[in-house]
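Summary of the model geometry
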Amino acid sequence: MWLKRLHQRFDVWFTDHFLSPQFENLGSDHFVMKPWNLRVYGRKISAGKNLHVIADSSRKVSFSTWAYDDKQGQIEIGDNVLICPGTRIDSASKVLIKNNCMLAAGTYLTDADWHDIYDRTKPIGTTKPITLEENVWIGEKSIILKGTKIGKNSIIGAGSVVSGEVPDNVVFAGNPAREIKKLDKEDFVTRKSLFSESSTYLDDLLTIEK
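Summarised in this report is the structure supplied together with it.

Definitions and limits used
Residues numbered from 1 in each chain as written. Predicted model: local features only at pLDDT ≥ 70, side-chain atom pairs only at ≥ 80, totals over all residues. Heavy atoms only, no water. Salt bridge = Lys/Arg side-chain N within 4 Å of Asp/Glu carboxyl O. Helix = DSSP H or I, 4+ residues; strand = E, 2+ residues; numbered from the N terminus. Buried < 20%, exposed > 50% of the residue type's maximum accessible area, 1.4 Å probe, protein only. Contact = heavy atoms within 4.5 Å. Core = buried A, V, L, I, M, F, W, Y, C linked by side-chain atoms within 4.5 Å. Pairing = 2+ DSSP bridges.

One pass over the full model with this rule turns up 7 salt bridges. Across the salt bridge formed by Glu-76 and Lys-94, the nearest N and O atoms sit 3.6 Å from each other. Here Lys-94 lies in the loop between strand E11 (88–91) and strand E12 (95–97) and Glu-76 lies in strand E9 (residues 75–77), a separation of 18 residues in the sequence. One salt bridge connects Lys-182 with Glu-179, and the closest N-O pair in it is separated by 2.9 Å. For Glu-179, a relative accessible area of 31% translates into the label partly exposed. Several salt bridges converge on common partners, so that one network encompasses Lys-98, Glu-133 and Lys-149.

The next point concerns the side chain of Thr-131. Tracing the sequence through the fold places Thr-131 in strand E17 (residues 130–132). A residue is classified by how much of its surface remains accessible, and Thr-131, at 17% relative accessible area, is buried. If near-sequence neighbours (up to four positions away) are discounted, Thr-131 is found in contact with Leu-96, Lys-98, Thr-148, Lys-149 and Ile-150.

As a further point, take the environment of Asn-175. Looking at the element boundaries, Asn-175 is found in the loop between strand E24 (170–174) and strand E25 (177–182). Counting along the chain gives 31 residues from Asn-175 to Ile-144, while the straight-line C-alpha distance between them is 11 Å.

This part covers the nonpolar core. If you look at the biggest cluster of nonpolar residues, it comprises 35 residues, and the most contacted ones within it are Phe-63, Ile-77, Ile-97, Leu-109 and Leu-132. Phe-63 has contacts with Phe-23, Leu-38, Arg-39, Val-40, Tyr-41, Ile-45, Ile-75, Ile-77, Ile-83 and Ile-89, leaving out every residue within four places of it along the chain. In terms of nonpolar packing, the next biggest core, distinct from the first, is built from 5 residues, Tyr-108, Ala-112, Trp-114 and Ile-124 among them.

Judged by how many residues are buried, E24 sits mostly within the fold: 4 of 5 residues are covered. With 2 bridges connecting them, strand E21 (residues 155–156) and E24 associate as parallel partners. Opposite Ile-155, over in E24, you have Val-171 as the bridge partner. As defined by bridge partners, E24 adjoins E25 across 5 bridges and the pair is classed as antiparallel. Looking across to E25, one finds that Phe-172 is bridged to Glu-179. Two successive antiparallel strands, E24 and E25, enclose a turn made up of 2 residues.

A word on unusual backbone geometry. In this model, Asn-175 is joined to Pro-176 through a cis peptide bond whose omega is 0 degrees. On the secondary structure map, Pro-176 appears in the loop between E24 and E25. With a phi close to 75 degrees, Trp-114 is a non-glycine residue in the positive phi region. Position of Trp-114 relative to the elements: it lies in strand E15 (residues 112–115). We note that Asn-153 has phi near 70 degrees; this positive angle belongs to a residue other than glycine. Mapped onto the elements of the fold, Asn-153 is located in the loop between strand E20 (149–150) and E21. Look at Asn-153 and you get buried, because its relative accessible area is 10%.

Below, the structure written as structure tokens:
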């Protein structure tokens with residue numbers, strides 16, 4: 001147990017000294033598991049408090065922004081966001097992930113084509129921003145394409161390819177993704193509750209580890 005806690009402290013130290021300077025801003029109480037497997041490339045990458053990233057040598061996590069001509073990518077991540085192994089976020093415009101979102105393993109968010117449709121030698125191509133509203137859950141190995149806006153509380157099923165607008169409070173799935181269910185409950189328990197003063201989340205984790 002003491003060895004595991006020592007390893008966790010090393011993860012925090014590594015994040016603060018090597019990863020944090022690569023962010024434009026990295027909020028408090030972040031935790032990156034095996035942070036040397038998180039790749040941060042480019043300018044204008046920021047995250048709020050309680051960012052949790054799970055990375056692994058076989059499934060690295062990547063945040064990349066690209067600049068070309070008048071284009072400058074931007075990745076903005078809100079509070080209490082969970083990002084699982086193998087997630088990739090590439091931006092030449094803007095990717096906005098609001099509070100309490102969850103991105104499952106192997107998800108890919110891209111706001112550009114990365115090559116012009118007719119001039120294949122021209123990089124970046126068409127770009128359109130991506131927005132995930134609060135409390136969005138992206139299922140494993142889903143692909144979120146340029147110009148997508150996913151509404152508050154909505155869920156994207158595993159393996160989906162999403163383009164366009166997704167309403168609030170729905171489940172979308174498939175390729176191309178379509179609405180398969182409405183979420184009719186008004187109140188959602190979000191990741192924010194895990195970090196409240198009354199939460200037993202951290203104590204529960206400690207009990208599981210022991």
